[in-house]
Amino acid sequence: MKVLIIDDAPDVAEVVTLCFDMRWPNSTILTAESGSDGIRLAKSDQPDLVVLDVVLPDMDGFQVCRNLRSFSDVPILMLSVRNDDKDIVKGLEWGADDYITKPFSHL
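These numbers come from a predicted model, not from an experiment. (Residues numbered from 1 in each chain as written. Predicted model: local features only at pLDDT ≥ 70, side-chain atom pairs only at ≥ 80, totals over all residues. Heavy atoms only, no water.)

(A) Geometry of the sheet that holds strand β2 (residues 28-32). What the five strands build is an open sheet, ordered β2-β1-β3-β4-β5; its pairing is parallel. Whereas interior strands pair on both sides, the edge strands pair on one side only; in this sheet they are β2 and β5 (98-101). Direction aside, the axes of adjacent strands within the sheet are offset by 20° on average. Examined bridge by bridge, strand β4 (residues 76-80) and β5 share four bridges and lie parallel to one another. Across the sheet, residue methionine 78 finds its bridge partner in β5, namely tyrosine 99. (Pairing = 2+ DSSP bridges. Helix = DSSP H or I, 4+ residues; strand = E, 2+ residues; numbered from the N terminus. Axes fitted to C-alpha atoms, helices over the stretch in contact; angles between N-to-C directions.)

Take a look at the structure:
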């Protein structure tokens, strides 16, 4: 399984990577710290799953999600500290498959 993590916080990417390594030790983890880098990696590497933060330095995760949906049906899991119902609904309406708020449990 190839997973693309798009998050500008290295510690979050590290925790998510650790969770995948524990559950699926043979998975390949790709990381991007900006929306534009994440879109580029999604196009070139065609991941099986995208874990996407909402707050990114160059564009928000909602825009990234919509952009990804324009060329891919890869499952998108939004992972964000933004836990307002409006944000969750927006993420799902713009194409995310699920929306998880931080902090989260890896169990």
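(B) Structural view of the pattern of salt bridges. The full count for this structure, using the stated rule, is three salt bridges. Residue aspartate 37 is joined to arginine 40 by a salt bridge in which the shortest nitrogen-to-oxygen separation is 3.9 Å. Of this pair, aspartate 37 and arginine 40 both sit in helix α2 (residues 35-45), three residues apart, which is roughly one turn of the helix. Judged by relative accessible area, aspartate 37 falls into the partly exposed class, the value being 34%. As a salt-bridge pair, arginine 69 and aspartate 97 come within 2.9 Å of each other at their nearest N and O atoms. Note that arginine 69 is positioned in helix α3 (residues 61-69) and aspartate 97 in the loop between α4 (85-93) and β5, a separation of 28 residues in sequence. A residue is classified by how much of its surface remains accessible, and arginine 69, at 26% relative accessible area, is partly exposed. (Salt bridge = Lys/Arg side-chain N within 4 Å of Asp/Glu carboxyl O. Buried < 20%, exposed > 50% of the residue type's maximum accessible area, 1.4 Å probe, protein only.)

(C) Local environment of the environment of aspartate 21. Tracing the backbone shows aspartate 21 in helix α1 (residues 10-23). For the pair formed by aspartate 21 and tyrosine 99, sequence separation is 78 residues and the distance between their alpha carbons is 21 Å. Setting aside anything within four residues of it in sequence, one finds aspartate 21 in contact with Ser27 and Ile29. (Contact = heavy atoms within 4.5 Å.)

(D) Structural context of the packing of aromatic side chains. Tallied over the full model, the rule gives two aromatic pairs. Measuring from centroid to centroid gives 6.2 Å for phenylalanine 62 and tryptophan 94, while their planes differ by 70°, and the two rings are edge-to-face. Residue phenylalanine 62 is located in helix α3, and its partner tryptophan 94 is located in the loop between α4 and β5; the two are separated by 32 residues in the primary sequence. A cation over a ring is seen here: lysine 90 above tryptophan 94, with NZ or CZ 4.9 Å from the ring centre. (Phe/Tyr/Trp six-rings, centres within 6.5 Å; stacked < 30°, edge-to-face > 60°. Lys NZ or Arg CZ within 6 Å of the ring centre and 35° of its normal.)

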